[in-house]
Amino acid sequence: MTPLDEQRHDPVTHPGRRWFEGHRFELFVPAAHEYGLASVSLSIVAEPAVGQVSFVAVLLRSGTDPVVVADDEVPLPDRGWELRTSGLWADHICEAPLDHWSYGLEAFGLSLDDPEALLGRALGNRAPLGWELEFEASEAAQWESAGHYRQIGIGHGLLLDGGGQHEVEGAAVRTHWWGHDVPPLVMVGLAPVDWPEPVSNVTVPSREAVWRYALWGAGASSSWIDS
């Protein structure tokens, strides 16, 4: 793996198959933290053939409703991963390849009392969501498959929700992938064999798949559940 793998990739056309490139980030805030048990998830997935990006940001927190920002029709930027559209600004910057990324968000989303509300009429209460977060690697990035790698590290920074601004920190993982096949699972902190019922969860449809975001006492995940 080289720093060039962190850059955007040229799409490979294939009859009847869609091509994507995506970055995902998961931050797990443990219950012992001042903010309490929570997870932050973001996904940015480009489909160059249509010139659009699917963006999803999710905040799960014990004792509160999930907050989701989701937009499937963000214009694909000419370079980098800075997104600007109505009601949404998000940036994803490689500060040091294979070592340090920063993430910014200013948006309004929906607070959802029904975890599957976005599969139906998508009714919820308008809620602010923003952050200035850093990912710093604690291990070398590892290939999961061709065109798909992940890296474990520490996430920290400022989180803005309906209650104000908060310092957060915890275990984090980021993934970068490109190709025709969607990686089925991103997980931080929790082994699948230990999964009980989640503390909080939400289902979010996007351009490339339908995802289930979940928070447990020992970790968090986003998993592909449908195409």
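The paragraphs below set out a description of the structure included in this document. Keep in mind that what you see is a predicted model, and the values were worked out from it rather than measured. Counting of residues starts from 1 at the beginning of each chain's written sequence and follows it residue by residue. Where totals are concerned, whole chains, interfaces and linings use all residues; where local detail is concerned, this predicted model gives features only for residues with pLDDT of at least 70, and gives and counts side-chain atom pairs only at 80 or more. To obtain the side-chain values, all non-hydrogen atoms of the structure were used and water was disregarded.

Further remarks concern the overall build of the chain. Where helices and strands are cited, they refer to DSSP runs of H or I of at least four residues and of E of at least two residues respectively, numbered from the N terminus. A count of helices and strands for the chain gives zero helices and 15 strands. Taking 227 residues into account, the globule formula puts the C-alpha radius of gyration at 17 Å, and the chain, at 16 Å, falls close to it. With respect to the principal axes defined by its C-alpha atoms, the chain has extents near 45 × 40 × 35 Å. Buried, partly exposed and exposed residues are distinguished by accessible area as a fraction of the type maximum, computed with a 1.4 Å probe on protein chains only: under 20%, between the cut-offs, and over 50%, respectively. A burial count over the chain gives 49% of its 227 residues as buried. Two residues qualify as a contact provided that any one of their heavy atoms is within 4.5 Å of a heavy atom in the partner residue. Restricting to contacts in the chain with at least 6 residues of sequence separation, those with at least 24 account for 55%. For the chain, the exposed area adds up to about 10700 Å²; of that, 50% sits on carbon and sulfur atoms. We take the radius of gyration over the C-alpha atoms and set the globule estimate at 2.2 Å times the residue count to the 0.38 power. Working definition of accessibility: Shrake-Rupley area with a 1.4 Å probe, residue cover restricted to the visible protein chains.

So, about the side chain of Arg207. Assignment of secondary structure puts Arg207 in the loop between strand 13 (200-205) and strand 14 (210-215). Residues adjacent in sequence count toward polar contacts only when both atoms are side-chain atoms; beyond that, a polar contact is any pair of N or O atoms within 3.5 Å, and within protein one must be able to donate a hydrogen and the other to accept it. A distance of 2.4 Å separates a polar side-chain atom of Arg207 from the backbone oxygen of Asp72. Residue contacts for Arg207: discarding those within four places in its chain leaves Arg18, Phe20, Glu47, Val50, Gln52, Ser54, Asp72 and Glu73.

Next up on the list: the side chain of His148. In this structure, His148 sits in strand 10 (residues 148-161). Not counting residues up to four positions away in its chain, the partners in contact with His148 are Gln142, Trp143, Thr175, His176, Trp177 and Pro183.

On the secondary structure map, Met1 appears in the segment before strand 1 (20-29). For Met1, a relative accessible area of 37% corresponds to the partly exposed category. C-alpha separation for the pair Met1 and Ala141, spaced 140 residues apart in sequence, amounts to 8.0 Å. Once residues within four sequence positions are removed from consideration, Met1 is found in contact with Leu98, Ala141, Gln142, Trp143 and Tyr149.

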